[in-house]
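# Examining the three-dimensional arrangement
Each chain is listed here by its residues.
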Amino acid sequence: MICSTGSPVPTGEVRFTAPNNIGTSGLRSPCGGSAARTLCTGTAHRSEPEAEIRVSGSGRWLGGLRGAALVVSFGLLLLVAAAGPSAAKPGLGPRGWAPGNLPITLSSAVVTATLWTAYLLGALAVGIGLWHGKGCGHYRLPGRWRVNPWVWPVALGVLALLTAPIGSADHINYAAYGRITAQGGDPYLVAPSTWAGGLDPVTSAVQLPWRMTPSIYGPFGTALQTLSSFVGGDNLRQTVWVWQLFIVVAWLTVRFLLRRAAVGEVARGRVDLLWTANPVVFGVAVLGAHVDLIASALALAAVFLAASRPWIAGLVLGATVSTKITFAIVALAILWSWRFLARKDLVRNVGAMAISSLAIFVLLHLWAGPHVFDQLRKASQGVSLATVWRPVVNLLSAVMALDVARTVVSVASVVAVIVLAWVLWALVGSRSATGRDRFTRPTSAAQQRQAGMTAMFVLATAYALVTPYALPWYDTLTWATLPLMLATALDPILLAQLTVMAMAYVPGRVVAMSTDVESLTLGFRKIIGPLAAWLVVLAIAGVARRGWSRASPPTGPLAS
């Protein structure tokens, strides 16, 4: 039995996902069905006709359930985003030439229940896909229903552009910082509420607690915010809509890059399962209109280009780090993908990337001014509610000063990120999507890209899971790279983690909530959020422990 790795030709390597394999760890199979219990196989063995019948029969029922869950989930998310201002959606003033709102008003209780239902149904749909093989390319639409693979993603993006962002008021902050820059001010020094005497139609709309907070975003992100302001003018809604356009383009760009980097139908099936048709990602990153999505698209482009065009990759890397400083991990991922290059090629690539990335980084920061890192330093000691570290800070603060407790947690979190990255690499780096193991020298551009994407997934996921300050959209880079990893038990674990994080920050604003809704959502964030975060870390540790304790040593080199 040959396992397909997505390569156009068989590799000859058999990958069983028996119960003692880290690919399953108690799951039925990451690629669904008992037919051909391999990690990602396209068809059942001819000697197993009963398995083929079971897959066909259950596949239709589960496919219908998955389709219904997707439609309802996306529909509910878009409904909240298209309705009038609510606890999840701040008002943006006159619409101008941008799309307006539906004449629907949702109470804080209704909008919370709607978003929770949407995220749960979306997670159910993705979970069914993981369980029953959607992520391994098993199922295809009948010929008469097949359309261009870009029609429905573009249509979904257009629907997002007919709505306004939900889940936070960050997009108003973006508009305000762009407005200050467009009018000649310094967004890293000036608080939005003080600009133009507090009378500016855009900056005055910034909500608590950000009214007195200058920008924390990198200069490339500020440049895009400034461009949005130039196009949107004095109208907040128009300015935000231009930003939404950047967001939708970034979301589609991630899909494009993932499909280009994916090797075969197996990986391309995972792209749409885990990224494009994932309502949880769509609601958090796209409808949330967060800058992390733009940074993630730039990060994927940098890694994709690094294997063949290091000069251009450096330019993109400079823009990535200048969007959000934490995305500097992309440079480490690229260097890791080059670790087996000949010394001459390595020096040439590193030199090219260093020169071009530093050129963009320095120019952007010179344009931004000397205060670009001021807020970043102030925010470095924050600890958000729905993380593994919040209970730790609460316990430590009972026996020491709060600032000291935060410092201890900051140091401990660095160690935790390193340890978790090592564990994740052991899980996903042991086999790559190109059929090579982690000790084989990547020679082709595709293998170097896969090595870089794997390293970026490991670093981004370790950071998002155990950093002291994390929000749902911080997981965007994880989900932008997860489709290129082979199916393992990490898929459902990370799906559960993102779903709980998304629900923990529903409705997303600290205003316009009834007392009961505020008590319920804050309780979920303070109790369920940290508990789920700890369970996720423990689940990953358990998967790794089972994999290490039951793994058999290799008996020979892999086939190639």
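Not measured: the values here are computed from a predicted model. (Residues numbered from 1 in each chain as written. Predicted model: local features only at pLDDT ≥ 70, side-chain atom pairs only at ≥ 80, totals over all residues. Heavy atoms only, no water.)

### With respect to the overall build of the chain
- Along the chain, the regular secondary structure elements total 19 helices and zero strands.
- The buried share of the chain, reckoned over its 560 residues, is 55%.
- Taking the intrachain contacts of the chain between residues at least 6 apart in sequence as the baseline, contacts between residues at least 24 apart amount to 75%. (Helix = DSSP H or I, 4+ residues; strand = E, 2+ residues; numbered from the N terminus. Buried < 20%, exposed > 50% of the residue type's maximum accessible area, 1.4 Å probe, protein only. Contact = heavy atoms within 4.5 Å.)

### What about the packing of aromatic side chains?
- Across all of its chains, the model carries 10 aromatic pairs by this definition.
- Consider the rings of Phe74 and Phe282, whose centres lie 5.3 Å apart with planes at 75°: the pair is edge-to-face. In this pair, Phe74 is assigned in helix α1 (residues 49-82) and Phe282 in helix α8 (residues 279-286), connecting sequence segments 208 residues apart. Each member of the pair, Phe74 as well as Phe282, is classed as buried.
- Judged by centre distance (5.3 Å) and plane angle (40°), the rings of Trp116 and Phe524 are tilted. Of this pair, Trp116 sits in helix α2 (residues 108-131) while Phe524 sits in helix α19 (residues 515-550), placing them 408 residues apart in sequence. (Phe/Tyr/Trp six-rings, centres within 6.5 Å; stacked < 30°, edge-to-face > 60°.)

### Examining the packing of helix α4 (residues 170-182) against helix α6 (residues 236-261)
- It is at 10 Å that the axes of α4 and α6 come closest, and there the two elements cross at 100°. Taken together, the axes of α4 and α6 are roughly perpendicular relative to one another. Contact residues: His171, Ile172, Tyr174 and Ala175 in α4; Leu236, Thr239, Val240 and Trp243 in α6.
- Looking at the contact of α4 with α6, its residues break down into six nonpolar, two polar and no charged. (Axes fitted to C-alpha atoms, helices over the stretch in contact; angles between N-to-C directions. Parallel < 35°, antiparallel > 145°, perpendicular 65-115°, else oblique. Nonpolar A, V, L, I, M, F, W, Y, C, P; charged D, E, K, R; others polar.)

### Let's talk about the environment of Val383
- Structurally, Val383 can be placed in the loop between α13 (374-379) and α14 (389-396).
- On the basis of relative accessible area, Val383 is assigned to the buried category, the value being 8%.
- C-alpha of Val383 to C-alpha of Tyr469: the two residues are 86 residues apart in sequence and 4.6 Å apart in space.
- Sequence-distant contacts of Val383, defined by excluding residues within four places in its chain, comprise Trp389, Arg390, Val393, Arg406, Pro468 and Tyr469.

### Points about a nonpolar patch on the surface
- There is a patch of nonpolar side chains on the surface, built from Trp97, Leu227, Phe230 and Val231 and spanning about 430 Å² of accessible area.
- Among the secondary structure elements, Phe230 is positioned in helix α5 (residues 219-232). (Patch = residues over 30% accessible without salt bridge, like charges linked within 9 Å, V, L, I, M, F, W, Y side chains within 5 Å. Areas by Shrake-Rupley, 256 points an atom, 1.4 Å probe, with all protein chains shown as cover. Salt bridge = Lys/Arg side-chain N within 4 Å of Asp/Glu carboxyl O.)

### With respect to the confidence of the model for the chain
- Residues at a pLDDT of 70 or more form 81% of the chain, whose mean pLDDT is 84.
- For the chain, α13 is the element with the lowest average pLDDT, namely 70, and α8 is the one with the highest, namely 98.
- pLDDT under 50 marks residues 1-55. Its contacts with residues more than four places away, or in other chains, come to 127 contacts.
- Contacts of residues 135-145 to residues separated by more than four positions or lying in other chains number 23 contacts, the stretch itself having pLDDT below 50. (pLDDT = per-residue confidence, 0-100.)

### Points about the pattern of salt bridges
- One pass over the structure, following the stated rule, counts seven salt bridges.
- A salt bridge links Arg348 to Asp345; the nearest nitrogen and oxygen atoms lie 2.9 Å apart. Residue Arg348 and its partner Asp345 are both found in helix α12 (residues 343-368); the two are separated by three residues, about one turn of the helix.
- Within the structure, one salt-bridge network assembled from shared partners comprises Arg179, Asp200 and Asp234.

### A short note on the environment of Ile355
- Relative to the assigned elements, Ile355 resides in helix α12.
- Here the alpha-carbon distance between Ile355 and Leu315, two residues 40 residues apart in the chain, equals 8.8 Å.

### Focus on α4
- With 13 residues, α4 should reach 18 Å at 1.5 Å per residue; the first-to-last C-alpha distance of 18 Å fits that figure.
- The buried fraction of α4 is high, at 12 of 13 residues.
- Every buried residue of α4 is accounted for by Asp170, His171, Ile172, Asn173, Tyr174, Ala175, Ala176, Tyr177, Gly178, Arg179, Ile180 and Thr181.
- Taken together, the buried residues of α4 touch α5, α6, α9 (291-306) and α12. (Expected span 1.5 Å × (residues − 1).)

### Description of unusual backbone geometry
- A cis amide bond, omega 5°, links Leu208 with the succeeding residue Pro209.
- Locating Pro209 in the fold gives a position in the loop between α4 and α5.
- Even without being glycine, Ala196 reaches a positive phi, approximately 55°.
- Along the chain, Ala196 falls in the loop between α4 and α5.
- Under the relative-accessibility criterion, Ala196 is labelled partly exposed at 45%.
- Despite not being glycine, Ala289 has its phi angle at roughly 55°, a positive value.
- Position of Ala289 among the secondary structure elements: in the loop between α8 and α9.

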